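Below, each chain spelled out in residue letters.
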Amino acid sequence: MEKLELKIYRHKIYKDIYLIRNWCVCGSPEANWFKGTKNIKEYFDNYETYDGKTLDKEYEERINDKSFTFDKDGKCRTTADITIKKDFDFDGYKGKLEKVLRLPINEFECVILRED
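Residues numbered from 1 in each chain as written. Predicted model: local features only at pLDDT ≥ 70, side-chain atom pairs only at ≥ 80, totals over all residues. Heavy atoms only, no water.

## Focus on the environment of I82
Relative to the elements of secondary structure, I82 occurs in strand β4 (residues 79-90). Put simply, I82 and K3 are 79 residues apart on the chain and 33 Å apart in space, counted from C-alpha to C-alpha. Once residues lying within four places of it in the same chain are set aside, the contact partners of I82 are I17, G36, T37, K38, K99, V100, L101 and L103. (Helix = DSSP H or I, 4+ residues; strand = E, 2+ residues; numbered from the N terminus. Contact = heavy atoms within 4.5 Å.)

## Thoughts on a nonpolar patch on the surface
Together, L4, L6, I40, F44 and L113 make up an exposed nonpolar region whose accessible area comes to about 400 Å². With respect to the element layout, L6 can be found in strand β1 (residues 5-11). Judged by relative accessible area, which is 31%, L6 ranks as partly exposed. (Patch = residues over 30% accessible without salt bridge, like charges linked within 9 Å, V, L, I, M, F, W, Y side chains within 5 Å. Areas by Shrake-Rupley, 256 points an atom, 1.4 Å probe, with all protein chains shown as cover. Salt bridge = Lys/Arg side-chain N within 4 Å of Asp/Glu carboxyl O. Buried < 20%, exposed > 50% of the residue type's maximum accessible area, 1.4 Å probe, protein only.)

## Some remarks on helix α2 (residues 55-64)
Helical periodicity: at 3.6 residues per turn, an α-helix aligns residues three or four positions apart in one direction. All of the buried residues in α2 are L55, D56, E58, Y59, R62 and I63. Down the axis of α2, the smallest arc covering the buried residues is 165 degrees, so these residues share one side. Facing away from the buried side of α2 by over 90 degrees, the exposed positions are K57 and N64. Looking at the buried residues of α2, the elements they touch are β1, β2 (18-21), β3 (34-37), α1 (40-45), α3 (66-69) and β6 (108-114). (Arc of directions from axis to C-beta.)

## Some remarks on the pattern of salt bridges
All told, the structure shown has 14 salt bridges when counted by the stated rule. Two residues, E109 and R10, come together in a salt bridge whose shortest N-O distance is 3.6 Å. Here E109 is found in strand β6, whereas its partner R10 is found in strand β1, with 99 residues between them in sequence. The partly exposed category is assigned to R10, whose relative accessible area is 25%. For E30, the salt bridge is made with R77, and the minimal N-O distance between the two is 3.7 Å. Within this pair, whereas E30 is found in the loop between β2 and β3, its partner R77 is found in the loop between α3 and β4, the two being separated by 47 residues in sequence. On the basis of relative accessibility, which here comes to 44%, the residue E30 falls in the partly exposed class. Look at the salt bridges and you will find they share partners, linking R10, K15 and E109 into a network.

Note that all results are geometric; they support no functional claim without further evidence.
Laid out in structure tokens, this is it:
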């Protein structure tokens, strides 16, 4: 019997942020090819397209194409953006704060979950 295996691309520091491919976007390395999410269901819903392309293959293509993904200084140009929202309560001031994180895709790692 074949064992179940799941690949998850998550951020190396922010362990609760997962990488998603924006399948309808293409163009330059600065385009929004990828985005981040904290929703694991959204990650699996967007892992594969209707015609069989997978996040795994897309990530490998982008990360291995040094001329496309990285600039001449070796800095990653292709990023995954995510908006983080937090409730704020300080010295009587209350509200919601938003911060957009631009995470380079080379800061994501592949974690493989295998069934025993």
